[in-house]
Amino acid sequence: EWLEELKAVAPNVPEMKLHDLLSTAFVLLSKESATLGLPDFPIDNLPLAAKILERNPDLSVYNVFYRLYPYHIFLRDGAKSVENLLTSLKVGVESKQLISLAYISQRLGEMFKPKPPTKQSGGYVETEGQNNLIHEMLQSFTVADFCLVGPRGCGKSILINKMAEMMGKETEMIVLYQDMTSRDLIQQRTTLDNGDTVWTYSPLIQAAIEGKIAILDGIHRIHPSTLSVLHRLVHDREIQLHDGKRLLSLERYQLMKDQFSITDEQLLNNGILKIHPDFRIIAIGEPPTLQTGVNWMSPEVLSLFIFHEAKALSKQEEMHIITSQHGTISKPLHKIIDLAHILRQNPDPALRNLAGHLSTRQLLRIAARMQQYPTDDVYDTIEATFMMKFLPSLTRDALEKTVQNLGITSKDQSLLEEPLNYGIVDGLLTLGTTKAPVFKTDNVTKVPNILFYDVPQHLHLMERLLQDFQLGQHLLLVGNQGVGKNKIADRFLELLNRPREYIQLHRDTTVQTLTVQPTVKDGLLIHEDSPLVRAIKNGHVLVVDEADKAPTHVTCILKTLVESGQMILSDGRRIVTSLPSKQDVDMSNYILTHPEFRIIVLANRPGFPFLGNDFFGALGDLFSSHAVDNPTRKSEISMLKQYGPAVPEDLIRKLVGVFGELRVMADQGLVNYPYSTREVVNIVKHLQKYPNTDLEDAIFNVFDFDRYSPEVIDTLGQVLLKHGFTDKNIFTAEYLATKRAKEYLQVTVESKSGKDVSSPKHGKIDPKNDPHIGGNTWAGGTGGRDTAGLGGKGGPYRLDAGHPVHQLSDEEKATVPEHVLKAAREMGRKAFEEKLKEIGMSGYDATLYSAFSKAVSKQVQSLRVILGSLQAKNKERQWNRHQTTGELDDIKLIDGLLGEKTIFRRRSEQEPELGTPQMKPKFFRVVVDVSGSMYRFNSYDGRLDRELEAVVLVMEAFEGFEDKIQYDIIGHSGDTDKIEFVKRKEVPKNNKERLDILKVMHAHAQYCWQGDNTLEATKLAIEELSQEECDEAIVIVLSDANLQRYGISPAKLGALLTSQEKVKAYTIFIGGLGDQAERLTRQLPAGHAFICIDLNTLPQILKQIFSSSVITP
């Protein structure tokens, strides 16, 4: 039946092509494909594919199939399955021909009605790949609506505008956002001058009536329930409006006219309008984020559109575009382009995700800047582009390593401390070597006028801001709280004499409050302009403060405004770069963007501890971004002396020392809050005004909150004491309690026995515990034979009596006969079984457990704070609309005038919608090393004790977070590659159970046979988790660095750690002889290996891992 239908639609297409197309469709709809988890094939779109083949006989079946089912975009694990199906059906990928725009225009014939280039498409530079894509989009455009999917900043909007320009079509850009309702998309209510309420058409409906191309920008953001209203409009070219009117396709409209012999006027009076035959919908979206499991390309969306994929440009194409627009590419720019393409193709997903910050759009911005303001400091440009200061540690380290491999190194930062000359002469502002005219304005009251003390570092930053301002760029300043972002922005505008509009965002900011504020006055709906609209009208600079606090789906509406200077407001007015030339247009509906309009966005760093949204990650490549850091020591001292001229310089230096060290510790993860210049300025201002105040009291105006945080007070106390402050107000009784300290003074001495072994035995117990060397009588001896001890040969198991170890060589150990080895192994196995029985029957030893627990109590608290913040962010409350009480909802004001009751909204935790897939947990697996070397060298460097403490840290810190993160602990030794110490569904619930796990681990390390299964255990752990249904999986391999002894190469371990994209794997070396651990870490993939000789650093290492994976949404 389907074949006959397709033959009727496309009679000239070879039957074999139609047969192949049908075969692929029905194979993907089979039960076998359903078991692979593949989305349903949109079979109802097959007639559209047949029409495309009819009009373009040169196209292959694969090309048309991929337009209906672009599996590479929305599938991660299943893409290979689809490839295999296509191969079995002999549907292959074809090579694409070289196409020019002239060729496209010739093929299109009558459709080609060019119009003058617009600002949006005027920057188009022909490349082979983009010409091919335009050609394919035009093929689809003649048949149906389509969707263009591609990464951020790859030129999707330019391509569509160029296509529209070639056809002489008008476009209507409609930015979609998450909170958008069907009413926003179709019709909105407003009032007339007399107070009557009326419905107004949305831009989409207006485009349908006038025959424009409606560009739905951001289809990946909109809620599926809102998108569902488009189904009839797309499939049937028919839609029912909220006011009762109906829009019909031209064919049905004409049929109705002919059938009932009625006129256009009569149909209009009956609420029936026709959709213009030239109307088309083109959607623009970004690829689904497959790492988080959120896939907006559902079967419903696949059935709506034909799809085209806009891929990132090749290096040659990108260089061609940059050369065409900005001249010859300099060596520094060439290195940045190289870095962009290395990141795009990097196997490490963390680095690949960073590639979006070097999109084509961003590269063109960098090229424009380098053309106007040449520099050879490539590192500085890269640092600002990626905001490297604020990247998670692991990602930053991996990026640093990649940058260094390209020969890019950082310049001398002391240049930032050199004085910078600036001033205003004859209406010209000079900052360093950069000059700009001072703005002339009548709005002097809106020009900032602030107290600002010059710091060279800030002046250098302002020079870079001035350069970007001259290039017409919008600015983004990112930094920790209290580093002076507002001060710098205000001082910059003060120097330029630029009027400022100010808006502060928050978690409750909506699209409406960002653009216009609707209010009811005398029964009429009035829209008041927001600071954003006022700035656009008057050419002021809009300062958007706390941009990270607002949801990114709200701030994303700035995209088209920043990119093209256009926006449609919720009251129907349009912000445009040029007014329409038509005479019959109501000019009051248009707002012309003033050429002097600029935006300066201020945002805190994303993630912990501010828990803001990642504004930089979502929209960073639209702005010229700059990191704002605390001043250098020299600059900060200079500034504080100006704030407190009467405060002794020695005291200022002490304060700068304290805060400088605390900031370094914050970067290292040792403290959570990055103490800023604001705090130390407040202390100095207080001391300046009240010179007789108690110094410690003044300091603790800043630190009082931290006194209630046990994990901070210890660190804080040590730092303050170190810089010469007293312990008053700092230390609690808990802090002054005795702290556990261990010193490992054991010495290993190489020794030789030369004597034969007989049979394994435990040996006699020496009541005096004297050292015994080289014999075969006493238990706990060293360098001997047959008995339990250390460093010898032929004994059944290890036993540490606390003496210096005399170690026999591996060669001498290898001479032990096989029957002796077998007997020793059997004796060790029996001793281990006896030990397990003993553990099972033993009571709870509180003193023993506290020895491990107290050592990591602060670290447990620190890790729980991190996990708690993760959980808090996931439980953030949402707006629930259509309530009978609460806060008045802006978009339902007219409904309130008409007597509607459900016009309020309230904040509450959002309940999952019906049909929403259950949130999958994150899996965390710890692989512990309980091989013999852990016990053997424990008295040398405490590695086994450290590992047991690390296990306590995980077990205690993760308690109570099981709904979000599920963990298990498995071990390995010379005996086996998998020992289940903690099962995922059977985690220990009390200290007794936790202590039993520690005892079993210790016993296994003592009684297991020699050998190592690190590689096998790591491979097994990663492969098992890769098969699990989870949101994300993390594997931590705790090991000593004693891998070389067992022939384990770093290359093999490194390959395993990065073998599965779904599983993030890391190794932490908690022991090693000499510099074993350091050498191994250097040879393993960047960001995947750590050294933890001091257990205090383990929570910080785990925090780095979480901030790079778990905390990343």
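To continue, consider the overall build of the protein. Of the regular secondary structure elements, the protein holds 49 helices and 36 strands. The proportion of buried residues among the 1113 residues of the protein is 53%. Within the protein, contacts between residues separated by at least 24 positions form 73% of all contacts whose residues are at least 6 apart in sequence. A total accessible area of about 49600 Å² is found for the protein, and carbon and sulfur atoms account for 51% of it.

Let us now look at the pairing of strand β34 (residues 1032-1039). The buried fraction of β34 amounts to eight of the eight residues, a majority that puts the element mostly inside the structure. By the bridge criterion, six bridges tie strand β31 (residues 922-929) to β34 in an arrangement that is parallel. For V927, the partnering residue across the bridge sits in β34 and is V1037. In this structure, β34 lies alongside strand β35 (residues 1063-1069), joined through seven bridges in parallel fashion. Along β35, the bridge assignment pairs S1039 with F1069.

This paragraph deals with the pattern of salt bridges. Opposite charge on two side chains lets them pair, provided their charged atoms get close. Scanning the model with the defined rule gives 39 salt bridges in all. A salt bridge links K549 to E546, with the nearest nitrogen and oxygen atoms 3.4 Å apart. When salt bridges that share partners are traced, they join R925, D968, K978, R984, E1024 and E1028 into one network.

If you walk through the whole model with that rule in mind, you get 15 aromatic pairs. Relative to Y69, the ring of F41 has its centre 5.6 Å away and its plane inclined at 35 degrees; by these criteria the two rings are tilted. With a gap of 28 residues between them, F41 in the loop between α3 (31-35) and α4 (46-55) and Y69 in the loop between α5 (61-68) and α6 (71-74) connect regions that are remote in the sequence. Ring geometry for Y66 against Y71: centres 5.4 Å apart, planes inclined by 80 degrees, an arrangement best described as edge-to-face. You'll find Y66 and Y71 in the same group, each marked buried. Among the aromatic residues, those joined into a ring-pair cluster are F41, Y62, F65, Y66, Y69, Y71 and F74. Positioned above the aromatic ring of F923 is the side chain of R984, whose terminal nitrogen or guanidinium carbon lies 3.8 Å from the ring centre.

If you trace the five strands from one edge of the open sheet to the other, you get β2-β5-β9-β1-β10, paired in parallel fashion. Strands with a single pairing partner mark the edges of an open sheet, and in this sheet they are β2 (171-175) and β10 (306-309). Neighbour-to-neighbour, the strand axes of the sheet open up by a mean angle of 20 degrees, direction not taken into account. Relative to strand β9 (residues 280-285), strand β1 (residues 146-149) runs parallel, the two being bridged by four bridges. Bridging from a neighbouring strand, F146 pairs with I282 of β9. Helix α9 (residues 128-141) rests against β1, β5 (213-217), β9 and β10 of the sheet, and its axis sits at about 175 degrees to β10.

Further remarks concern a nonpolar patch on the surface. On the surface, L579, M587 and L592 cluster together into a nonpolar patch covering about 250 Å² of accessible area. Turning to its location among the elements, L579 is positioned in the loop between β20 (574-576) and β21 (590-592).

Moving on to the sheet that holds β20. Strand order in this open sheet of three strands is β19-β20-β21, and the pairing throughout is mixed. Single-partner strands in this sheet number two, and they are β19 (567-568) and β21. Bridge count for β19 against β20 is two bridges, and the pairing is antiparallel. Along β20, the bridge assignment pairs I568 with R574. Across the sheet, helix α27 (residues 531-538) is in contact with β19, β20 and β21; its angle to β21 comes to roughly 60 degrees.

Counting residues in hydrophobic clusters, the biggest one holds 127 residues, and the most contacted among them are Y69, Y71 and L204. Once residues lying within four places of it in the same chain are set aside, the contact partners of Y71 are Y62, F65, Y66, A79, V82, E83 and L86. Counting 47 residues, the second-largest nonpolar core is a separate cluster that includes F852, L867, L948 and C1092.

Let us now look at the side chain of T515. Looking at the secondary structure, you find T515 in helix α26 (residues 511-515). Residue T515 is classed as buried on the basis of its relative accessible area of 2%.

Running from N to C, helix α1 (residues 2-9) and helix α2 (residues 15-28) cross one another at 135 degrees; their axes reach a closest spacing of 10 Å. Taken together, the axis directions place α1 and α2 in an arrangement best described as oblique. Once α1 is placed against α2, the crossing between them reads as right-handed. Only E15, L18, H19, L22 and F26 of α2 make contact with α1, whose side of the interface consists of W2, L3, L6 and K7.

This part is about empty space enclosed by the protein. Scanning the entire structure with this criterion turns up two cavities of 30 Å³ or more. What the second largest cavity holds in volume is close to 30 Å³.

Our next topic: unusual backbone geometry. Unusually for a residue other than glycine, R237 sits at a positive phi of about 50 degrees. Structurally, R237 can be placed in the loop between α14 (231-235) and β6 (239-240). For R237, a relative accessible area of 14% gives the class buried. Unlike most non-glycine residues, N497 shows phi in positive territory, near 60 degrees. With respect to the secondary-structure elements, N497 resides in the loop between α25 (485-496) and β15 (500-504).

On the secondary structure map, V664 appears in helix α32 (residues 649-667). Sequence spacing of V664 and P674 is ten residues, and the spatial spacing of their C-alpha atoms is 8.4 Å.

Moving on to the confidence of the model for the protein. Summarising the model, the protein shows a mean pLDDT of 79, and 79% of its residues fall at 70 or more. Across the protein, the element-wise mean pLDDT spans from 39 in helix α36 (residues 733-736) up to 95 in β1. Low pLDDT, under 50, characterises residues 730-749; the stretch is placed with 37 contacts to residues that sit more than four places away or in other chains. Taken together, the stretch residues 912-918 has pLDDT below 50 and engages in one contact with residues farther than four places along the chain or on a different chain.

With respect to the secondary-structure elements, D996 resides in helix α45 (residues 991-1007). There is a polar contact of 2.6 Å between the side chain of D996 and the side chain of K992.

Their axes nearest at 10 Å, the elements α4 and α5 cross at an angle of 140 degrees. Handedness of the α4/α5 crossing: right-handed. Only V64, R67 and L68 of α5 make contact with α4, whose side of the interface consists of L46, A49, I52 and L53. Of the residues assigned to the contact of α4 with α5, the class counts are six nonpolar, no polar and one charged.

Cut-offs applied
- Residues numbered from 1 in each chain as written.
- Predicted model: local features only at pLDDT ≥ 70, side-chain atom pairs only at ≥ 80, totals over all residues.
- Heavy atoms only, no water.
- Helix = DSSP H or I, 4+ residues; strand = E, 2+ residues; numbered from the N terminus.
- Buried < 20%, exposed > 50% of the residue type's maximum accessible area, 1.4 Å probe, protein only.
- Contact = heavy atoms within 4.5 Å.
- Areas by Shrake-Rupley, 256 points an atom, 1.4 Å probe, with all protein chains shown as cover.
- Pairing = 2+ DSSP bridges.
- Salt bridge = Lys/Arg side-chain N within 4 Å of Asp/Glu carboxyl O.
- Phe/Tyr/Trp six-rings, centres within 6.5 Å; stacked < 30°, edge-to-face > 60°.
- Lys NZ or Arg CZ within 6 Å of the ring centre and 35° of its normal.
- Axes fitted to C-alpha atoms, helices over the stretch in contact; angles between N-to-C directions.
- Patch = residues over 30% accessible without salt bridge, like charges linked within 9 Å, V, L, I, M, F, W, Y side chains within 5 Å.
- Core = buried A, V, L, I, M, F, W, Y, C linked by side-chain atoms within 4.5 Å.
- Parallel < 35°, antiparallel > 145°, perpendicular 65-115°, else oblique.
- Left-handed = near helix turned anticlockwise from the far one by under 90°.
- 1 Å grid on protein atoms, 1.4 Å probe; cavity = no way out; pocket = protein on both sides within 12 Å on 5 of 7 lines; lining within 4 Å.
- Points joined across faces, edges and corners; volume = space filled by probe spheres on them.
- pLDDT = per-residue confidence, 0-100.
- Polar contact = N/O pair within 3.5 Å; in protein donor to acceptor, adjacent residues only side chain to side chain.
- Nonpolar A, V, L, I, M, F, W, Y, C, P; charged D, E, K, R; others polar.

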